[in-house]
Amino acid sequence: MKKRSTKEIKLQAKKSLQGHVGTVILGLLAVYGLNTLGTILLPIVSGTSALDLVLSEIFMLVVSLIVGIISAGLGYMLLNISRGKEFSLGDLATFSKTSQTG
């Protein structure tokens, strides 16, 4: 396997992203926006009682799970872009598709 230079890798990445930069930026904004929104909303459910502490931990768990799914979808979308396959922003929510043959 031939080792590629940094220049070749950058050129290939630039070619793959040609015309898709807006979609990638929207995907990144979705991931970081959801994470930021969850962090901003955390003080609403936090407090000093035991119930408030448990609810705030559950809230952060749910936010973390949602951000994790969206992050995996972003990775899937970026992989499809780099491979030249079909992709959409809908890949952010459903990061796996079953291939149909026939």
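Everything quoted here is computed from the prediction, not taken from an experiment.

Caption draft 1: How the structure looks around helix α2 (residues 21-45). With 25 residues, α2 should reach 36 Å at 1.5 Å per residue; the first-to-last C-alpha distance of 36 Å fits that figure. Buried within α2 are the following residues: V24, G27, V31 and G38. Turning to α2, the residues buried within the fold contact α1 (6-17) and α3 (50-83).

Caption draft 2: The arrangement of α3 in detail. If you check α3, its first and last C-alpha atoms are 49 Å apart, about what 34 residues at 1.5 Å a residue would give, namely 50 Å. Listing the buried residues of α3 in full gives S56, V63, V67, I70, G73, L74, M77, N80 and I81. Each element contacted by the buried residues of α3 is listed here: α1 and α2. G84, located one to two residues past α3, shows a positive phi value of around 80 degrees.

Caption draft 3: Just a nonpolar patch on the surface, in detail. Residues L34, L37, I40, L41, I44, L51, V54, L55, I58, V62 and I66 make up a contiguous nonpolar surface patch of about 980 Å² in total accessible area. Secondary-structure elements contributing two or more residues to the nonpolar patch are α2 and α3. Top element by residues in the nonpolar patch is α3. It accounts for six residues. Inspection of the secondary structure assignment puts L34 in helix α2. The class of L34 is partly exposed, set by a relative accessible area of 31%.

Caption draft 4: Representation of the nonpolar core in the model. Ranked by size, the top nonpolar core spans nine residues in total: V24, V31, V63, V67, I70, L74, M77, I81 and L92. In terms of residue count, α3 provides more of this core than any other element does, six residues in total. Ignoring any residue separated from it by four or fewer positions in sequence, one finds V63 in contact with L34 and G38.

Caption draft 5: Spatial organisation of the confidence of the model for the protein. Residues at a pLDDT of 70 or more form 91% of the protein, whose mean pLDDT is 82. Summarising per-element confidence for the protein, the mean pLDDT is lowest in α1 (83) and highest in α3 (87).

Caption draft 6: The packing of α2 against α3, seen in detail. At their nearest, the axes of α2 and α3 sit 10 Å apart, and the two run at 175 degrees to each other. When the interaxial angle is binned, α2 and α3 end up roughly antiparallel. Tallied by class, residues from the contact of α2 with α3 come to 18 nonpolar, six polar and one charged.

Quick notes on the rules
- Residues numbered from 1 in each chain as written.
- Predicted model: local features only at pLDDT ≥ 70, side-chain atom pairs only at ≥ 80, totals over all residues.
- Heavy atoms only, no water.
- Helix = DSSP H or I, 4+ residues; strand = E, 2+ residues; numbered from the N terminus.
- Expected span 1.5 Å × (residues − 1).
- Buried < 20%, exposed > 50% of the residue type's maximum accessible area, 1.4 Å probe, protein only.
- Contact = heavy atoms within 4.5 Å.
- Patch = residues over 30% accessible without salt bridge, like charges linked within 9 Å, V, L, I, M, F, W, Y side chains within 5 Å.
- Areas by Shrake-Rupley, 256 points an atom, 1.4 Å probe, with all protein chains shown as cover.
- Salt bridge = Lys/Arg side-chain N within 4 Å of Asp/Glu carboxyl O.
- Core = buried A, V, L, I, M, F, W, Y, C linked by side-chain atoms within 4.5 Å.
- pLDDT = per-residue confidence, 0-100.
- Axes fitted to C-alpha atoms, helices over the stretch in contact; angles between N-to-C directions.
- Parallel < 35°, antiparallel > 145°, perpendicular 65-115°, else oblique.
- Nonpolar A, V, L, I, M, F, W, Y, C, P; charged D, E, K, R; others polar.

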